[in-house]
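Here are the chains, one letter per residue:
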Amino acid sequence: MFEFDLFELTRATVTTLVGLTAVLASLGVILCSSPIYCALYLIGHMICLALLFLLYNAEFIAAVQIIVYAGAVMILFLFIIALLGGKKEIQEPSTERSLAIAFVATMLGELFLSATVGPTRPIEGTFDVQTVAEVGGSAKAIGLELFSRHVVAFELASVLLLVAAVGIICLSKFSYVPVRRRMK
């Protein structure tokens, strides 16, 4: 008669909770007046996206989301905000703000409408995991390619990010005093 799978019910619940958390974090990015809190909300949103990728069995994309975006890029954003001085913004009502809120509300409405469409149809044809691995779509194939042929470029990119982080820290430690010109 009527049977349900507890795993699928739990997975749907977790997906809904993580999705709602991602939407709330993105609203926090838009509506928060402090730049540091905006960046932290954005990190939370990126972590929620990585969790959604994990729920849909895309482990490599989830790892890249955490390492590259939530890890490297957002930490550099936080360093830049710390360097420039994250001052709280005074939010005044404006037409641009009203348009942004209307746009976000419209996008949320479209998201809810698309959620009511129902399940999608599976892809027609054959799908073999071995052919995907031969083409290079698995995490193992990408890792082998990255750490065998492209290890120098990978290490140079990591050194570049490290130098940028150290440079931002050094620049934020010392105050900048402009040199005054002499008047004759």
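Quick summary incoming for the structure in this document. (Residues numbered from 1 in each chain as written. Predicted model: local features only at pLDDT ≥ 70, side-chain atom pairs only at ≥ 80, totals over all residues. Heavy atoms only, no water.)

### Re the overall build of the protein
Looking only at helices and strands, one finds seven helices and zero strands in the protein. When the elements of the protein are put in sequence order from the N terminus, they spell out α-α-α-α-α-α-α. Buried positions account for 15% of the 184 residues belonging to the protein. Carbon and sulfur atoms form 70% of the exposed surface of the protein, whose accessible area is close to 15,100 Å². (Helix = DSSP H or I, 4+ residues; strand = E, 2+ residues; numbered from the N terminus. Buried < 20%, exposed > 50% of the residue type's maximum accessible area, 1.4 Å probe, protein only. Areas by Shrake-Rupley, 256 points an atom, 1.4 Å probe, with all protein chains shown as cover.)

### Notes on the environment of V104
Among the structural elements, V104 can be located in helix α4 (residues 95-115). The sequence separation of V104 and S26 amounts to 78 residues, and the corresponding C-alpha distance is 9.9 Å. Setting aside residues up to four positions removed in sequence, V104 forms contacts with L27 and I30. (Contact = heavy atoms within 4.5 Å.)

### Here we look at the packing of helix α2 (residues 35-55) against helix α3 (residues 59-84)
Contact geometry for α2 and α3: axes closest at 8 Å, N-to-C directions at 175 degrees. The orientation of α2 with respect to α3, classified from their angle, is roughly antiparallel. Contact residues: α2 offers P35, I36, A39, L40, L42, I43, M46, I47, L49, A50, F53 and L54, while α3 offers E59, I61, A62, Q65, I66, Y69, A70, M74, L78 and I81. In terms of residue class, the contact of α2 with α3 is built from 20 nonpolar, one polar and one charged. (Axes fitted to C-alpha atoms, helices over the stretch in contact; angles between N-to-C directions. Parallel < 35°, antiparallel > 145°, perpendicular 65-115°, else oblique. Nonpolar A, V, L, I, M, F, W, Y, C, P; charged D, E, K, R; others polar.)

### Considering the nonpolar core
In globular proteins that are soluble, nonpolar side chains generally tend to be buried together. Counting residues in each nonpolar core, the largest one holds seven residues, listed as A39, I43, M46, A70, M74, L78 and I81. Contributing elements (two or more residues each) for this core: α2 and α3. Among the elements that line this core, the one with the most residues is α3, at four residues. Residues contacting L78, with those up to four places away along its chain left out, are I36, A39, L40 and I43. In terms of nonpolar packing, the next biggest core, distinct from the first, is built from five residues, V18, A22, C48 and L52 among them. (Core = buried A, V, L, I, M, F, W, Y, C linked by side-chain atoms within 4.5 Å.)

### Notes on α3
In this model, α3 (26 residues) spans 36 Å end to end at C-alpha, consistent with the 38 Å of a helix rising 1.5 Å per residue. Along α3, the helix axis deviates most sharply at M74, where the bend reaches about 30 degrees. G85 sits one or two residues past α3 and shows a positive phi near 85 degrees. (Expected span 1.5 Å × (residues − 1). Bend = angle between axes of the 7 residues up to and from the residue.)

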